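# Report on the structure
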Protein chains: 2
Amino acid sequence: MPPQHQVTLAQVAEAAGVSIATASRAINGSTRKVSEEIRVRVTQTAEELGYLPNLSAQTVVKGASPTVAVLVSDIADPYFSAISSGIMAAARQAGLMVTMATSERRSADERDMIRTFRSQRPRAIVVVGSRWDQDPQAAAIEEQLAAYQQAGGRVVLVSQGPSPFDLVEIQNFEGAKALAHALVDQGGQRFGVAVGYRRLRTNADRLAGFTQGLAERSITLKEEAVAEAAFTRDGGYAAMRQLLERGVELDTVFAASDLMAFGAATAMREAGVQPGAQIGLAGFDNIALTEDVTPALTTVDAPLGEIGRRAMDLALSEGTEPRTVEVPTSVILRASTPRR
Amino acid sequence: MPPQHQVTLAQVAEAAGVSIATASRAINGSTRKVSEEIRVRVTQTAEELGYLPNLSAQTVVKGASPTVAVLVSDIADPYFSAISSGIMAAARQAGLMVTMATSERRSADERDMIRTFRSQRPRAIVVVGSRWDQDPQAAAIEEQLAAYQQAGGRVVLVSQGPSPFDLVEIQNFEGAKALAHALVDQGGQRFGVAVGYRRLRTNADRLAGFTQGLAERSITLKEEAVAEAAFTRDGGYAAMRQLLERGVELDTVFAASDLMAFGAATAMREAGVQPGAQIGLAGFDNIALTEDVTPALTTVDAPLGEIGRRAMDLALSEGTEPRTVEVPTSVILRASTPRR
DNA sequence: TTGAAAGCGATACCAG
DNA sequence: CTGGTATCGCTTTCAA
């Protein structure tokens, strides 16, 4: 790493003919006790010299950096990028920088990244991503986060409870349940589900909610009508193919995410089935473009940008007790699930 | 910002019964001159105590932080998130952290963010986003970047040339030209274009390439067949509406990005026109989901992930002369532009 | 190979 | 209000 020589505070002080202490107060005066005249002179000198405060030096003495660290599974996934967008907007308003890393859903890496984050002494660490059942790394990760919190940092999870940390929780169960109701009300009777791996809590919850929603309308979701694959576009494609190959009779398919739904739609078409015609299709999340596809995709809206903002709110707040923010979801019916 | 008390190197040294200097060498020994026995003892003690190096302190003394700063216009846009994903993957391999900010296409903010980046003393700054013609802030931004480079940092732009910095350039002109050829070869005759604001170089280049491609096939693109709006999904929608309202006769529309194409497709449908049937539609970028929409979208592939990786390659390389990497594009014909 | 000590850039306490 | 100085956590000469 080539060292970068920069203008230092000492140089500014010297050029302005004041002490370092005064220069510091003039430029970053916490309790501004500097005569206006000097303040102007120093800031001008700083400007002329192109002085930029060394954030690291400030961090060393202050003990924490004006930064929030964000860990997401995959930034190319519109779900995560929308949440990240909300986080970054809120961070900017709060005058914080964002350092970001992607775990690519490998929880071993996740632990390492959190260690690296801790080295940065950020003001908060936000982890976005579903919890895994029986994750062998879960304990190690939680330990890292707990130690960080112990040391005075704030931890916010966008995930599922229960959690010893601040938590933003999407109503996966409730949303899926409401969707089931809506779809039955539209005349759906034979349901199938394309779900991501159930070890991911998000999938388990959405499936459970959907199942219960159907049950409340006296419809039993048969196990053979549930196909499981990766929680991605390709997984949706694969799961839909499974369903089609199994020959289960279906009039409506629920995909556990919009991305899976997109893949599922393509699988249907390849099999000569028109989504929204022979078989209805619904997703979850309401990511961008769900309105632009044909037929427009029925889905459960999760306000992703707001989720990011809420996470930052928690990160910036002071409380000591871990709090949970429930983010409500709402069903959006579109052409992909016509009334029958 | 609550100070965070953490285990320090001094504590580790004390607990291990060695000097701070030795502890430092044992844990981060650049030139490893520590006896194996001590090394083991120190690292174990560090582990037990939960020691984490203070990155800021290291940065202060080393003069630069193991970080690359990335500025993108909008992380929620799949174009940028795909590039970011490539950058982050490459950064991780190189053992660098990523600090990220979004300018939201406001170039005044852009300048400020670069200043803030500089305060971090990152190893490199990567700016992703099209250049504006007559951008009043352009000079100020370039000045910031130049000063940063002067001080030993590396600057990489993912943008358009000419540039005094390292540059990753997408072949917008060539790609659009090739697309024009392909569409004419398929029998297209009456072309329209939905383009983003032309002050954005990306749009100007894509439009110019497309126009020239048509010209090379003896087709003149009339000005009335070009509609200009925001370089977003909504802009595509608006531009397409303009075209339709103008009543220009069209058999094929080129949208300057896939996102614009998605919006344009919806506008067509609302007007009772089937994209891919009455009017063909093509985009640019080949973002995710272009294959999953109906009809699948013809587009120009820009390898977004690779663009990010290339940018990092440049950021990590040592050379002093500014270099340019041209990233080739390729036409992908799909159902949205059927043979006529 | 190890340790003592001099910085790195900035803040904040304590006098003046 | 201003200046001198100890301090933050760590790396890196310079001796031993």
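For clarity, every value in this text was computed on a predicted model and none was experimentally measured. (Residues numbered from 1 in each chain as written. Chains lettered and ligands numbered in written order. Predicted model: local features only at pLDDT ≥ 70, side-chain atom pairs only at ≥ 80, totals over all residues. Heavy atoms only, no water.)

## Some words on the overall build of chain A
Quick reminder of the rule: Secondary structure elements follow DSSP: runs of H or I no shorter than four residues count as helices, runs of E no shorter than two count as strands, and numbering proceeds from the N terminus. Throughout, the radius of gyration refers to the C-alpha atoms, and the reference size of a globule is 2.2 Å times the residue count to the power 0.38. Each residue gets one of three labels from its accessible area relative to the maximum for its type: buried under 20%, exposed over 50%, partly exposed in between, using a 1.4 Å probe on protein chains only.
For chain A, the helix and strand inventory stands at 12 helices and 12 strands. The C-alpha atoms of chain A give 25 Å as radius of gyration, which overshoots the globular expectation for 340 residues (20 Å, by more than 25%). Overall size of chain A, expressed as C-alpha extent along the three principal axes, is 85 × 40 × 35 Å. Each of the 340 residues in chain A was classed as buried or not, and the buried ones make up 56%.

## Quick look at the protein's contact with DNA strand D
Put simply, the rule is: Near is defined per residue: the residue qualifies when any heavy atom it owns lies within 4 Å of the molecule or strand. Throughout this description, a polar contact denotes any pair of N or O atoms lying within 3.5 Å of each other; where both atoms belong to protein, one of them has to be capable of donating a hydrogen while the other can accept it, and for residues adjacent in sequence the pair is counted only when both atoms sit in side chains.
The immediate surroundings of DNA strand D are formed by 26 residues, with T22 and R25 of chain A together with L9, S24 and Y51 of chain B found nearest. If you look at DNA strand D and keep only atoms within 4 Å of the protein, 67% of those are sugar or phosphate atoms. At a separation of 3.2 Å, a phosphate oxygen of DNA strand D approaches a polar backbone atom of N54 of chain B. Sorting the residues of the surface near DNA strand D by element identifies helix 2 (20-28) and helix 4 (55-62) of chain A together with helix 2 (20-28) and helix 4 (55-62) of chain B as the ones contributing at least two each. With five residues, helix 2 of chain B is the largest single contributor of residues to the surface near DNA strand D.

## Digging into the protein's contact with DNA strand C
Residues in contact with DNA strand C amount to 26 residues; listed here are only the nearest, L9 and S24 of chain A together with T22, R25 and I38 of chain B. Of all DNA strand C atoms lying within 4 Å of any protein atom, the proportion belonging to sugar or phosphate reaches 72%. In this structure, a phosphate oxygen belonging to DNA strand C sits 3.4 Å away from a side-chain N or O atom of N28 of chain A. Elements with a minimum of two residues in the surface near DNA strand C: helix 2 and helix 4 of chain A together with helix 2 and helix 4 of chain B. Per element, the largest residue contribution to the surface near DNA strand C is five residues, and it comes from helix 2 of chain A.

## Considering the interface of chain A and chain B
Heads up, the condition is: Any two residues whose heavy atoms approach within 4.5 Å are treated as being in contact. Each of two parts loses accessible area, computed with a 1.4 Å probe, when they are put together; buried area is these two losses added. The rule for a salt bridge is simple: a side-chain nitrogen of Lys or Arg has to be within 4 Å of a carboxyl oxygen of Asp or Glu.
At the junction of the two partners, chain A supplies 65 residues and chain B supplies 66 residues. Together chain A and chain B conceal approximately 5,700 Å² of surface at their shared face, both sides included; 54% is due to carbon and sulfur atoms. Close ionic contact of D292 of chain A with R233 of chain B constitutes a salt bridge, the shortest N to O distance being 2.6 Å. Inspection of the chain A/chain B interface yields 21 residue pairs in polar contact (both at pLDDT 80 or more).

## Quick word on the pairing of strand 2 (residues 97-102) of chain B
Basically, it comes down to this: At least two DSSP bridges between two strands are required for those strands to pair.
Burial of strand 2 of chain B is extensive: six of the six residues sit out of reach of the surface. Burial of the side chains of strand 2 of chain B extends over both faces: M97, T99 and A101 of chain B are buried on one face and V98, M100 and T102 of chain B on the other. Here strand 2 (residues 97-102) of chain A runs beside strand 2 of chain B; their pairing, made up of three bridges, is antiparallel. Counterpart to T99 of chain A in the pairing with strand 2 of chain B is T99 of chain B. The pairing of strand 1 (residues 65-72) of chain B with strand 2 of chain B spans six bridges and is parallel.

## Focus on the environment of V72 of chain B
Residues and elements named next belong to chain B. Looking at the secondary structure, you find V72 in strand 1. With 45 residues separating them in the primary sequence, V72 and I27 have C-alpha atoms 35 Å apart. Ignoring sequence-local partners within four residues, the contact set of V72 consists of F80, S84, A101, T102, S103, E104 and V128.

## Topic: the sheet that holds strand 1 of chain B
Going by this rule: Fitting a line to C-alpha atoms yields each axis, with helices limited to the stretch in contact; the angle taken between N-to-C directions then spans 0 to 180 degrees.
An order of 11(A)-5(A)-4(A)-3(A)-1(A)-2(A)-2(B)-1(B)-3(B)-4(B)-5(B)-11(B) is seen for the 12 strands of this open sheet, with the pairing classed as mixed. Only two strands of the sheet have a single partner each, and these edge strands are strand 11 (324-327) of chain A together with strand 11 (324-327) of chain B. Shown here is a sheet whose adjacent strand axes are inclined to one another by a mean of 20°, direction ignored. Relative to strand 3 (residues 122-128) of chain A, helix 6 (residues 107-120) of chain A is tilted by about 160°, and along the sheet it contacts strand 1 (65-72), strand 2 and strand 3 of chain A together with strand 2 of chain B.

## Quick word on the relation of the copies chain A and chain B
For clarity, the cut-off: Here the copies were fitted onto each other by least squares, based on C-alpha atoms from residues at pLDDT of at least 70 in both.
Superposing chain A onto chain B takes a rotation of 180° combined with a translation of 0.0 Å along the rotation axis, leaving an RMSD of 0.0 Å. Here the transformation between the copies is reduced to the relation of a two-fold axis. Comparing interface residues between copies, 100% of those in chain A also lie at the interface in chain B; the contact surface is shared.

## Things to note about the domain arrangement of chain A
All names here are of chain A. What counts, and what does not: Domain borders in the structure are assigned automatically or taken from a domain database. Each residue is assigned to one of three groups, with Ala, Val, Leu, Ile, Met, Phe, Trp, Tyr, Cys and Pro labelled nonpolar, Asp, Glu, Lys and Arg labelled charged, and all others, Gly among them, labelled polar.
One can read the domain layout of chain A as domain 1 (9-49), domain 2 (57-170 + 305-327) and domain 3 (172-302). Averaged C-alpha coordinates put domain 2 and domain 3 at centres separated by 30 Å. The partner domain 3 presents 12 residues to the 12 residues of domain 2 that form the contact. Its largest share of buried area at the contact with domain 3, domain 2 owes to D133, Q160 and I170, together 35% of the area lost on that side. Counting every contact that joins domain 2 to domain 3 gives zero salt bridges. Here the residues of the side of domain 2 that touches domain 3 are counted per class, giving five nonpolar, three polar and four charged.

## Some words on the sheet that holds strand 6 (residues 191-196) of chain A
Residue and element names in this part refer to chain A. Taken together, the four strands give an open sheet; going across it, the order is 7-6-8-9, and neighbouring strands pair in parallel fashion. Of all strands in the sheet, those bounded by a partner on one side alone are strand 7 (226-229) and strand 9 (280-282). With direction set aside, neighbouring strand axes in the sheet form an average angle of 15°. In this sheet, strand 9 lies alongside strand 8 (residues 252-255) in parallel orientation, the contact comprising three bridges.

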